[in-house]
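A structural walkthrough
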Amino acid sequence: GATVEVGGGSVRLGMAGGALRGADVHFDYPSVGATETVLMAAAVAAGTTTITNAAREPEVEDLGRFLSSLVPGCSISGLGTGTIVVEGSGGQGTRSGGVAHYVIPDRIEAGTFLACGAIAGSDGLVVSGVRLAHVQAIADVLQEMGCEIHSRRSAQEGSGDGGDSSLCDLVVASPGPGALRSVPSIETSPYPGFPTDMQPLLCSVLATSRGKCVVTETVFESRMSACRELRRLGASIEIASGGSSATIRGKGLVGAEVKTTDLRQGVALVVAGLAASGETVVRDLSHVDRGYVGLETKLAGIGADVTRVAME
């Protein structure tokens, strides 16, 4: 029931008749952003909305649970599956006074520190407060490469009003650069497959591992910018025509100056710097700051020699 006008470099949205109404929505691709957008609109629409080929990512589930508690009269079923059914509130608005909601742990930040443990040769790095199911695909690949990862009960489990009985700590042990072995191939895919946001980080780890791996990106176009910058650090990487895959042959990395162009590429370069000999300078951390709070402080806390400096 929405009206959409695109033109002049802007998008104008409105509601015909002043209200949204439920509908059947099918996605050709299970997009997270598209699923979340329709989910929010459906929560306040009148009637039933059925979303098919919906994204199954944990963040979509979390948003659905939040909307169910925030919007009176809204009920949502099928979260975590390919079909979500929303009974909308009919425009009743949100609960006065709001609600308390505890956001799920960031699985990509958890995966980032798993990658740190792998590339740096950790003998027991602890990544605390993780939902194992959310990072299972990441842990599986790192274990195949030679890391030892085991879970234990988290000190955060059941603590405070937001206690979560599903939380665990992951303990990572890795033989480190040159001793990890490459997997033959890896392909990104929607959840529960290997996440596209971890692809640049995995490329950094693979660049220091023994053997050859073909990494194929299926979710986003032209997401091999990390590989281009990793080559400045001495990585042996061939990027296929079209930029959807790269062949990585592991070798030692050497410190150099590199530049970030996006969030995940930027943090992948920081992680690669942990294994590179000499000094690595990663410029323009504004991209990385979008997704990580106090990254350099956390890295220093686990033994990394890292300093943030103002650059001209």
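Heads up: the structure comes first, above all this text.
Residues numbered from 1 in each chain as written. Predicted model: local features only at pLDDT ≥ 70, side-chain atom pairs only at ≥ 80, totals over all residues. Heavy atoms only, no water.

Overview of the pattern of salt bridges
- If you walk through the whole model with that rule in mind, you get 13 salt bridges.
- We note a salt bridge from aspartate 169 to arginine 152, for which the minimum N-O separation is 3.6 Å. Note that aspartate 169 is positioned in strand 9 (residues 167-173) and arginine 152 in strand 8 (residues 148-153), a separation of 17 residues in sequence.
- Overall, aspartate 169 belongs to the buried group, its relative accessible area being 5%.
- Arginine 308 serves as the salt-bridge partner of aspartate 289, at 2.8 Å between the closest nitrogen and oxygen. With aspartate 289 in helix 8 (residues 286-289) and arginine 308 in the segment after helix 9 (295-301), this pair connects stretches of sequence that are 19 residues apart.
- Overall, the relative accessible area of 36% leaves aspartate 289 in the partly exposed class.
- Within the structure, one salt-bridge network assembled from shared partners comprises Glu61, Asp62 and Arg65. (Salt bridge = Lys/Arg side-chain N within 4 Å of Asp/Glu carboxyl O. Helix = DSSP H or I, 4+ residues; strand = E, 2+ residues; numbered from the N terminus. Buried < 20%, exposed > 50% of the residue type's maximum accessible area, 1.4 Å probe, protein only.)

Describing helix 2 (residues 58-70)
- An ideal rise of 1.5 Å per residue puts 18 Å on 13 residues; helix 2 measures up with 18 Å between its terminal C-alpha atoms.
- Burial in helix 2 covers these residues: Pro58, Val60, Asp62, Leu63, Gly64, Leu67 and Leu70.
- Those residues of helix 2 that are buried lie in contact with helix 1 (32-44), strand 5 (75-77), strand 6 (83-87), helix 3 (107-120) and helix 4 (132-144). (Expected span 1.5 Å × (residues − 1). Contact = heavy atoms within 4.5 Å.)

Details of empty space enclosed by the protein
- Under the definition given, this model contains 1 cavity of 30 Å³ or more.
- Here the largest cavity is characterised by a volume of approximately 40 Å³.
- Breaking the lining of the largest cavity down by element, the ones donating at least two residues are helix 4 and helix 5 (199-206).
- Residue classes in the lining of the largest cavity are distributed as 9 nonpolar, no polar and no charged. (1 Å grid on protein atoms, 1.4 Å probe; cavity = no way out; pocket = protein on both sides within 12 Å on 5 of 7 lines; lining within 4 Å. Points joined across faces, edges and corners; volume = space filled by probe spheres on them. Nonpolar A, V, L, I, M, F, W, Y, C, P; charged D, E, K, R; others polar.)

What to know about the layout of surface pockets
- In this structure, the largest pocket spans a volume of roughly 860 Å³.
- If you go around the largest pocket, you meet 32 residues; those closest to its centre are Val270, Thr280, Asp305, Val306 and Thr307.
- Elements with a minimum of two residues in the lining of the largest pocket: helix 3, helix 7 (263-275), strand 15 (281-283) and helix 9.
- A total of 4 residues in the lining of the largest pocket trace back to one element, the largest contributor, which is helix 7.
- Taken together, the residues of the lining of the largest pocket sort by class into 18 nonpolar, 8 polar and 6 charged.

Description of the sheet that holds strand 6
- Judged by pairing direction, the sheet is mixed, and its 4 strands sit side by side in the order 3-4-6-5 without closing on themselves. Each of the sheet's edge strands pairs with one partner strand only, and the pair in question is strand 3 (24-26) and strand 5. On average, adjacent strands in this sheet sit at an angle of 15° to one another, irrespective of strand direction.
- With 3 bridges connecting them, strand 5 and strand 6 associate as antiparallel partners. Bridge pairing links isoleucine 76 to valine 86 in strand 6. (Pairing = 2+ DSSP bridges. Axes fitted to C-alpha atoms, helices over the stretch in contact; angles between N-to-C directions.)

Points about helix 7
- Where burial is concerned, most of helix 7 is hidden: 11 out of the 13 residues are buried.
- Every buried residue belonging to helix 7 is among Leu263, Arg264, Gln265, Gly266, Val267, Ala268, Leu269, Val270, Val271, Ala272 and Gly273, and all of these are buried.

Thoughts on the environment of proline 190
- Its location among the elements puts proline 190 in the loop between strand 10 (185-187) and helix 5.
- For the pair formed by proline 190 and arginine 290, sequence separation is 100 residues and the distance between their alpha carbons is 22 Å.
- Every residue in contact with proline 190, bar those within four places of it in the chain, is listed here: Tyr29, Pro30, Glu57 and Val219.

Some remarks on the pairing of strand 11 (residues 212-216)
- Burial of the side chains of strand 11 is restricted to one face: Cys213 and Val215 are buried, whereas none of Lys212, Val214 and Thr216 on the reverse face is.
- Of the pairings in the sheet, the one linking strand 10 to strand 11 comprises 3 bridges and is parallel in character. Bridge assignment links serine 185 to a residue of strand 11, and that residue is valine 214.
- With respect to chirality, the unit in which strand 10 leads through helix 5 into the neighbouring parallel strand 11 is right-handed.
- As paired elements, strand 11 and strand 13 (residues 245-249) share 5 bridges and run antiparallel to each other. Of the residues in strand 13, the one forming a bridge with valine 214 is threonine 247. (Right-handed = clockwise from strand over helix to strand, strands pointing away.)

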